[in-house]
Amino acid sequence: MNGSPGIRCRFSRGRIAVAAVLAFSAAPVLPLLASGSVPAVSPADEVDWLKERRFWSFRAPAAQPLPRVINKRWPQQPLDYFVLARLEQKQLTPSVEANRRTLIRRATFDLTGLPPAPGEVEAFLADRDGRGYERLVERLLESPRFGERMASLWLPLARYGEDQAHQVGEDTKFFYPNAWRYREWVINAFNQDLPYNRFLELQLAADKIEGTNSANLAALGFLGLGPKYYNRERLDVMSDEWEDRVDTVSRTMLGLTVACARCHDHKFDPVTMQDYYAMAGVFAGTRMVNRKSDGAAEPGDAQATNVAPATLHIVEDSDKPQDLNIFLRGNVERKGPVAERRFLRVLSEGEPPAFKDGSGRRELAGAIVDRRNPLTARVMVNRVWGLFFGRAIVATPSNFGHSGQPPTHPELLDDLAVRFMNGGWSVKALAREIVLSATYRQSASAAALSGPRAETAGDIVAVADRRYSRGYEVDPANQLFWRMNRRRLMIEQWRDALLFASGELESAGGKSLELDDPMNRRRTVYARISRLKLNDLLMQFDYPDANVHAEKRSVTTTAIQKLFVLNSPFVLERAKVLAARLTANPEEPDKTRVTQAYRLLFGREPSREELMLALDFLAKPARGEMSRCEQYAQILLGSNEMMYVD
């Protein structure tokens, strides 16, 4: 419907009312606060708060003594003792350590989102003094690519998007042309190892924290890039926007589904309607604004193309922040008692104090990062663990409540959370311990590699190791981490790896580019993310819906994915460029080119069978428009080994 009036909309939130996106509704504007008598609501005193605070996730995490283990030589980091103790209880043995080629490919993908260069692999293999792996990890943590990798974890949590799920005609006044400045802030924060507690505070209240420099105002994009709906002067429409803020903040930072208490007390967790409206009142007391570098605000009806390049999409306190009434059954026309702005009662000692500083954003941020809050550190530790292992300790990363899954290793989670806080909330220190651990270094293979091909991934080894058989029998889902999980690359990693292999990857960041742009050879994290229509490549390979917080990514296997590899102009062009790279020296034999391809794409040497198969394929005459080498390059780019990391 480009070029003609009308409404385009992608509905992914069940609560988005039709009235929120119809531009010409004549419904009256409702007052924010109630007047006159108010109906009663169920009292929060019906909740046994002392009992609820004894639930595992509502108890403060405590440092744990290292468990006693039989195999004292295996642990490399404190976390290994907790994993090994559980394995020994089940009479399981950890897997053998992965070979060095597998380790450098795994660690490089996990910490930077990119594969290692062939020269880096060879240097690591030659570094045998016992600390080569530690030096590798340290180099990767200091790479500017680390922040880009971590941003791929954080941005879907923050439902990062650069437009809206609806558009009337060609109206773009609710779009965010400079959303990339928030993304840039996130990347820089992870690269600088900004303490995680400060990282959260700035995203909620950078403008309210004394001493904050202007560069940190971009952090407010966490709230400032939220959904906007048409008819924003109406109370029912704004209520939907406040729900988004409550949902995104509570699930991302606290691992709680507080928004479930909008219409009634939470069905599973000790979160009341009073809790919900106390938090919603904080966001009701803020306004979204496009703020220029000189401090002036962009006009409210400014179209995206007219927004100044340095403008930030942020939030600020409204002129008169005030508390909300509880809306009975979520109906803004039925107002119950006033809910003072404050923190969640179950996470407070006694009755939480009311927020008095403007909207309350600064006080909310302080309550979230308070060491006495039992959830914040646990939730982030669990997310980082899940990023590197493909399986989190708590399988529901954004739901630590009664309806979520309990932790598989509660003592480990507690100990990591306490040491995370004691260590200055350093994400890099947390990542370092995980990646240096013996648990992380385990092989993902179902058979022990041995003999002259031990350094070659993907070989079929005839003799299975009995420890794997026992592991699959006792713990087939690998909940106890007796082996490493084989993981499919995120779409960002896979696309970046294709460009890396062809030698085209550009390191520049900055303003977002469309993925469909043939000249876009930058990392995928710098792509424009649309809520209205997510890019087809991202959607086909499980990038989350940008309209809502995404606690984790789905991993699907579909025919469309392989059809993309076969027919996509992007993949075909990468295959042609890779083939040109491999054949740059016309004097080189095909054997050398095949070996170079395996080193570039997989970080290893081809097996004898793989080499013979490739040489036989290349020796046959080409059919179609692509040369034999180009076809071979496309086969390798579309292989499972290119898409997975062991």
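For clarity, every value in this text was computed on a predicted model and none was experimentally measured.

What counts and how
- Within any chain, residue numbers begin from 1 and follow the written order of that chain's sequence.
- For this predicted model, a pLDDT threshold of at least 70 governs which residues receive local features, and a threshold of 80 or more governs which side-chain atom pairs are given and counted, while totals over whole chains, interfaces and linings are taken from all residues.
- No hydrogens and no water enter the side-chain calculation; it runs on all heavy atoms of the structure.
- In this description a helix means any DSSP run of H or I spanning at least four residues, a strand means any run of E spanning at least two, and both kinds are numbered starting from the N terminus.
- Relative accessibility decides the category of a residue: with a 1.4 Å probe and only protein chains considered, values under 20% of the type maximum give buried, values over 50% give exposed, and everything between is partly exposed.
- Should any heavy atoms of two residues lie within 4.5 Å, those residues are considered in contact.
- The method behind every accessible area is Shrake-Rupley, applied with a 1.4 Å probe, and residues are considered shielded solely by the protein chains displayed.
- Nonpolar cores were defined as sets of buried Ala, Val, Leu, Ile, Met, Phe, Trp, Tyr and Cys residues, with membership established by side-chain atoms within 4.5 Å.
- Every definition here rests on a 1 Å grid over the protein atoms only: cavities are sets of points where a 1.4 Å probe fits but cannot get out, pockets are open sets enclosed by protein on both sides within 12 Å along at least five of seven lines, and lining residues have some atom within 4 Å of a point.
- Grid points are joined across faces, edges and corners, and a volume is the space filled by probe spheres set on the points.
- Each residue is assigned to one class: nonpolar for Ala, Val, Leu, Ile, Met, Phe, Trp, Tyr, Cys and Pro, charged for Asp, Glu, Lys and Arg, and polar for all the others, Gly among them.
- We count a salt bridge whenever a side-chain nitrogen from Lys or Arg sits within 4 Å of a carboxyl oxygen from Asp or Glu.
- Under this definition, polar contacts are N or O atom pairs within 3.5 Å; protein pairs additionally need one hydrogen-donor-capable and one acceptor-capable atom, and for neighbouring residues in sequence, both atoms have to be side-chain atoms.
- A pair of Phe, Tyr and Trp rings is counted when the ring centres sit within 6.5 Å of each other, with Trp represented by its six-membered ring. The angle between the planes then sorts it: under 30 degrees is stacked, over 60 is edge-to-face, the rest tilted.
- Geometrically, a charge over a ring is one whose NZ (Lys) or CZ (Arg) sits within 6 Å of the ring centre while staying within 35 degrees of the ring normal.
- Each residue after the first adds 1.5 Å to the expected span of a helix.
- Think of pLDDT as the predictor's per-residue confidence, scored from 0 to 100.
- Criterion for a disulfide: a pair of cysteine sulfur atoms at a distance within 2.5 Å.
- The axes are straight lines fitted to the C-alpha atoms, using for helices just the contacting stretch, and the angles between their N-to-C directions are given from 0 to 180°.
- Every angle not falling under 35 degrees, over 145, or within 65 to 115 is termed oblique; those three ranges are roughly parallel, roughly antiparallel and roughly perpendicular.
- Here a crossing is called left-handed whenever its near helix is offset anticlockwise from the far helix by less than a right angle, and right-handed whenever the offset is clockwise.

(A) Quick peek at the overall build of the chain. Helix and strand counts for the chain stand at 24 helices and eight strands. Sorting the 646 residues of the chain into buried and exposed places 57% on the buried side. Considering only intrachain contacts with a sequence separation of at least 6, the fraction spanning at least 24 residues in the chain is 70%. Total accessible area on the chain is roughly 27100 Å²; 52% of this is exposed by carbon and sulfur atoms.

(B) Just the nonpolar core, in detail. Ranked by internal contacts, the top residues of the largest apolar core, which has 173 residues, are Tyr133, Trp154, Ile368, Trp385 and Trp494. Discounting chain neighbours no more than four positions away, the residues touching Trp154 are Tyr182, Val186, Phe190, Tyr196, Phe199, Leu200, Gln203, Phe222 and Thr252. Residues Val69, Trp74, Ala85 and Ala438 belong to the second largest nonpolar core, which totals five residues.

(C) Molecular detail of the layout of surface pockets. Taken as a whole, the largest pocket holds about 1000 Å³ of empty space. Along the wall of the largest pocket there are 41 residues; nearest its centre are Gly386, Gly390, Arg391, Arg553 and Val555. Take the lining of the largest pocket: its biggest share by element is five residues, from helix α6 (residues 145-157). Residue classes in the lining of the largest pocket are distributed as 21 nonpolar, eight polar and twelve charged.

(D) Just the pattern of salt bridges, in detail. Enumeration over the complete set of coordinates arrives at 54 salt bridges. As a salt-bridge pair, Lys208 and Asp357 come within 3.5 Å of each other at their nearest N and O atoms. Highlighted residues: Lys208 in the loop between α8 (196-205) and α9 (221-224) and Asp357 in the loop between β6 (335-339) and α12 (361-369), separated in sequence by 149 residues. The salt bridge partner of Arg262 is Asp240, with a shortest N-O separation of 2.9 Å. Linking Arg262 in the loop between α10 (235-254) and α11 (273-284) with Asp240 in helix α10, this pair joins segments that are 22 residues apart in sequence. Asp240 shares its class with Arg262; the two are buried. Through salt bridges with shared partners, one network takes in Asp207, Lys208, Asp317, Asp357, Arg361 and Arg362.

(E) The environment of Tyr133, seen in detail. Here Tyr133 shows up in helix α5 (residues 132-141). A sequence separation of 303 residues divides Tyr133 from Leu436, and the C-alpha atoms of the two residues are 7.9 Å apart. If we ignore the near neighbours within four places in the chain, the residues touching Tyr133 are Leu103, Ala107, Phe124, Val435, Leu436, Tyr440 and Arg441. Looking at Tyr133, its side chain comes within polar contact range of the main-chain oxygen of Val435, at 2.7 Å.

(F) Seen up close, the packing of aromatic side chains. The final tally for this structure, using the stated rule, is 26 aromatic pairs. When the ring of Trp154 is compared with that of Phe222, the centres are 6.3 Å apart and the planes differ by 35 degrees; the resulting orientation is tilted. Of this pair, Trp154 sits in helix α6 while Phe222 sits in helix α9, and the two are 68 residues apart along the sequence. Phe222 shares its class with Trp154; the two are buried. On the numbers, 5.0 Å between centres and 45 degrees between planes, the contact of Phe190 with Phe199 is tilted. In this structure Phe190 comes out as buried when scored by relative accessible area, which is 4%. Its end group placed over the ring of Phe124, Arg100 keeps NZ or CZ at 4.0 Å from the ring centre. When the ring centre of Trp482 is taken as reference, the NZ or CZ atom of Arg483 above it lies at 5.2 Å.

(G) Structural view of empty space enclosed by the protein. Summed over all chains, the structure comprises six cavities of 30 Å³ or more. The calculated volume of the largest cavity comes to roughly 80 Å³. Looking at the largest cavity, the residues that line it are Ala151, Ser152, Leu155, Pro156, Tyr160, Glu492, Thr524, Val525, Ala527, Ile529, Leu538 and Tyr543. The element contributing the most residues to the lining of the largest cavity is α6, with four residues. Tallied by class, residues from the lining of the largest cavity come to nine nonpolar, two polar and one charged. Considering only enclosed or pocket space, the second largest cavity measures out at about 60 Å³ in volume. Forming the boundary of the second largest cavity are Thr112, Gly113, Glu148, Arg149, Ser152, Met490, Glu492, Gln493, Asp496, Arg523, Thr524 and Val525. For the lining of the second largest cavity, the secondary-structure elements that each account for two or more residues are α6 and α17 (491-502).

(H) Region of the structure containing helix α21 (residues 590-602). In this model, α21 (13 residues) spans 18 Å end to end at C-alpha, consistent with the 18 Å of a helix rising 1.5 Å per residue. Of all the residues in α21, the buried ones are Arg593, Val594, Thr595, Ala597, Tyr598, Leu600, Leu601 and Phe602. Positive backbone phi, at 70 degrees, marks Gly603, one or two positions downstream of α21.

(I) Representation of the confidence of the model for the chain within the structure. On average, residues of the chain score 90 in pLDDT, and 90% of them reach the 70 mark or higher. Residue range residues 1-30 is modelled with pLDDT below 50. Its contacts to residues more than four positions away, or to other chains, number 75 contacts. Within the model, the stretch residues 447-464 combines pLDDT values under 50 with 28 contacts to residues more than four positions away or in other chains.

(J) Looking closely at the state of the cysteines. Applying the stated criterion to the full structure yields zero disulfides. For Cys260, which is in no disulfide, the shortest distance to another cysteine sulfur is to Cys263 and amounts to 9.8 Å. Judged by relative accessible area, Cys260 falls into the partly exposed class, the value being 35%.

(K) Seen up close, helix α3 (residues 100-112). Along its 13 residues, α3 runs 18 Å from first to last C-alpha, staying within 8% of the 18 Å computed at 1.5 Å per residue. The N-terminus of α3 is capped by Asn99, whose side-chain oxygen sits 3.2 Å from the backbone nitrogen of Arg101. Positive phi appears at Gly113, one or two residues downstream of α3, with a value of about 80 degrees.

(L) A look at the environment of His166. With respect to the secondary-structure elements, His166 resides in strand β2 (residues 166-168). Given the relative accessible area of 2%, His166 is considered buried. With 61 residues separating them along the chain, His166 and Pro227 place their C-alpha atoms 9.6 Å apart. Here the side chain of His166 touches Lys228 through a polar contact of 2.7 Å, landing on its backbone oxygen.

(M) Spotlight on the environment of Arg593. Tracing the sequence through the fold places Arg593 in helix α21. Residue classification places Arg593 among the buried positions, given a relative accessible area of 14%. In sequence terms Arg593 and Thr583 are ten residues apart; their C-alpha atoms lie 7.0 Å from each other. Leaving out residues up to four positions away in the same chain, Arg593 has contacts with Leu582, Thr583, Asn585, Pro586 and Glu588.

(N) Examining the packing of helix α14 (residues 410-422) against helix α15 (residues 427-436) more closely. For the pair α14 and α15, the least separation of the axes is 9 Å and the interaxial angle reads 140 degrees. If you check the angle between α14 and α15, you find them oblique. When you trace α14 past α15, the crossing you get is right-handed. For the pair α14 and α15, contact is made by Leu416, Arg419 and Phe420 and by Val427, Leu430 and Glu433, respectively.

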